[in-house]
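Chains, contacts and geometry: an overview
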2 protein chains.
Amino acid sequence: MFYGIGVGVGNPGKVTMEAIDTLNMLDVLYVPTAKKEEKFSVAHEIVKDYLNTNTEIKSRHFPMNYDTDELQCAWKSIADEIMLDVQGGKKVGFVTIGDPMIYSTYIYLLRLLRNNIEITTIPGITSFLDIASKNNFPLVEGEDPLLILPATMGTERLRRYITNETSVVIMKVYKNFNEVVQLLIDEKLENCSIVVSNSSKNEEVVFRDIKNVNKDDISYFTTILINRKWEIK
Amino acid sequence: MFYGIGVGVGNPGKVTMEAIDTLNMLDVLYVPTAKKEEKFSVAHEIVKDYLNTNTEIKSRHFPMNYDTDELQCAWKSIADEIMLDVQGGKKVGFVTIGDPMIYSTYIYLLRLLRNNIEITTIPGITSFLDIASKNNFPLVEGEDPLLILPATMGTERLRRYITNETSVVIMKVYKNFNEVVQLLIDEKLENCSIVVSNSSKNEEVVFRDIKNVNKDDISYFTTILINRKWEIK
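The structure contained in this document is the topic of the report that follows.

What follows deals with the sheet that holds strand β3 (residues 56-61) of chain B. Residue and element names in this part refer to chain B. Strands sit in the order β3-β2-β4-β1-β5 across an open sheet of 5 strands; the sheet is parallel. Since the sheet does not close on itself, it has two edges, and those belong to β3 and β5 (119-122), each with one partner. Geometrically, the sheet is characterised by an average inter-axis angle of 20 degrees between neighbouring strands, direction not taken into account. In this sheet, β3 lies alongside strand β2 (residues 28-33) in parallel orientation, the contact comprising 6 bridges. Note that in β3 the partner of T33 across the bridge is H61. The sheet contacts of helix α1 (residues 17-24) involve β1 (2-6), β2, β4 (92-96) and β5, and relative to β1 the element is tilted by about 140 degrees.

Listed per partner, the contact involves 58 residues of chain B and 58 residues of chain A. With both sides pooled, the region where chain B packs onto chain A buries about 4,700 Å², and carbon together with sulfur makes up 57% of that total. Between chain B and chain A we count 4 salt bridges in total. A salt bridge links E141(B) to R111(A), with the shortest nitrogen-to-oxygen separation between them at 2.8 Å. In this structure, the connection of chain B to chain A is made through 32 residue pairs in polar contact (both at pLDDT 80 or more). Each residue belonging to the side of chain B that touches chain A can be placed in one class, and the counts come to 31 nonpolar, 11 polar and 16 charged. Of the strand pairs in this sheet, strand β6 (residues 146-150) of chain A and strand β6 (residues 146-150) of chain B are connected by 3 bridges, and their pairing is antiparallel. Counterpart to I148(A) in the pairing with β6(B) is L146(B).

Quick notes on the rules
Residues numbered from 1 in each chain as written. Chains lettered and ligands numbered in written order. Predicted model: local features only at pLDDT ≥ 70, side-chain atom pairs only at ≥ 80, totals over all residues. Heavy atoms only, no water. Pairing = 2+ DSSP bridges. Helix = DSSP H or I, 4+ residues; strand = E, 2+ residues; numbered from the N terminus. Axes fitted to C-alpha atoms, helices over the stretch in contact; angles between N-to-C directions. Contact = heavy atoms within 4.5 Å. Buried area = accessible area lost by both parts, 1.4 Å probe. Salt bridge = Lys/Arg side-chain N within 4 Å of Asp/Glu carboxyl O. Polar contact = N/O pair within 3.5 Å; in protein donor to acceptor, adjacent residues only side chain to side chain. Nonpolar A, V, L, I, M, F, W, Y, C, P; charged D, E, K, R; others polar.

Taken by themselves, the reported measurements are silent on function.
Below is the structure:
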């Protein structure tokens, strides 16, 4: 059996009992590293205290760029390795930050493996859920829709989605940060938005006044929560 | 301190370590019951094994209807009671199914209490995250938005949101179930949608062919996941 395990964001407290029980009985755990030759993995760091000492750890580089050939080649080779382990009778896990079904590279693995081996996926706390609770900032109520938008879709597309909506989450805000802030000001959303950078890490920063955030103050992973029905104190 | 604790959906495995540690040190835990005079609470059932034996349990009726006067009156009286407990130096918890910041009645409490007492909110696994993982059904990838829509917004409004979107979650589908199914067929979404009723409960049912679901087969809490980029096997 192959287990795709969502470990939540940033710290061990966000891991669920189901994830802990699964981590504890694995023969092999694949951990993704962001850079070649690097052994450090954020996901591994989060779960290391929950692991069985007999579990074999396999660090593997998962490319995060958009070079499709390199990407597909790397994923195919990792999927093949996982498949061999599973077919050899091992219980094999893979850890993924946040939730496996929301903007996760785990979906590549799932696509490659699902016709060949049995797969159990375990959900995790996503960054926007974590940020909302940590800041006592409700996301959505009643009959309103909740829109989860990656800022990478571009500012003009973002604008079309946001106009007139009550509840919006904007993820991966960095490249077009200044344009996104201007868009929120244009839409009169500055009193019902918060910006969080590096959620749940030591370097976490929360801004409740979006007009006073500089691009230098935020990191690559920045999230904005908007709720027109929730005025910031 | 007051703790609003998201306990995830349906079973104890979805509870996070942070929620368990918090539950374990409470003096008082408020548990919501759906009906007057009833003691049974789904949220309480999920967490009961994680509680300290010294914790006092207070079952309180939280109206789920739309009678605004009755609703506001009930919430106000519960908020006052919580405030008294906290001001008396107690560590007070409140458990909520799924995540506290997504369509949760906890938001009423937060609004009433946030100017008066200190509040810590703990996120939980929502039903749509749980259903997606359990069915190996990815929700969203890359630059696509994810739309979370309550079916209670009405079928025509739903249609306007859904047209041309890749990734959509429709929650609380029951009253207009047949209309929603017809809408998905009109939008040619029948091969990339799954319907789940009673997620995580014993009575859970999953339908991968939406054309073959009768309204009699589903319960009040039914969720539909749609991803045009993920063909159902």
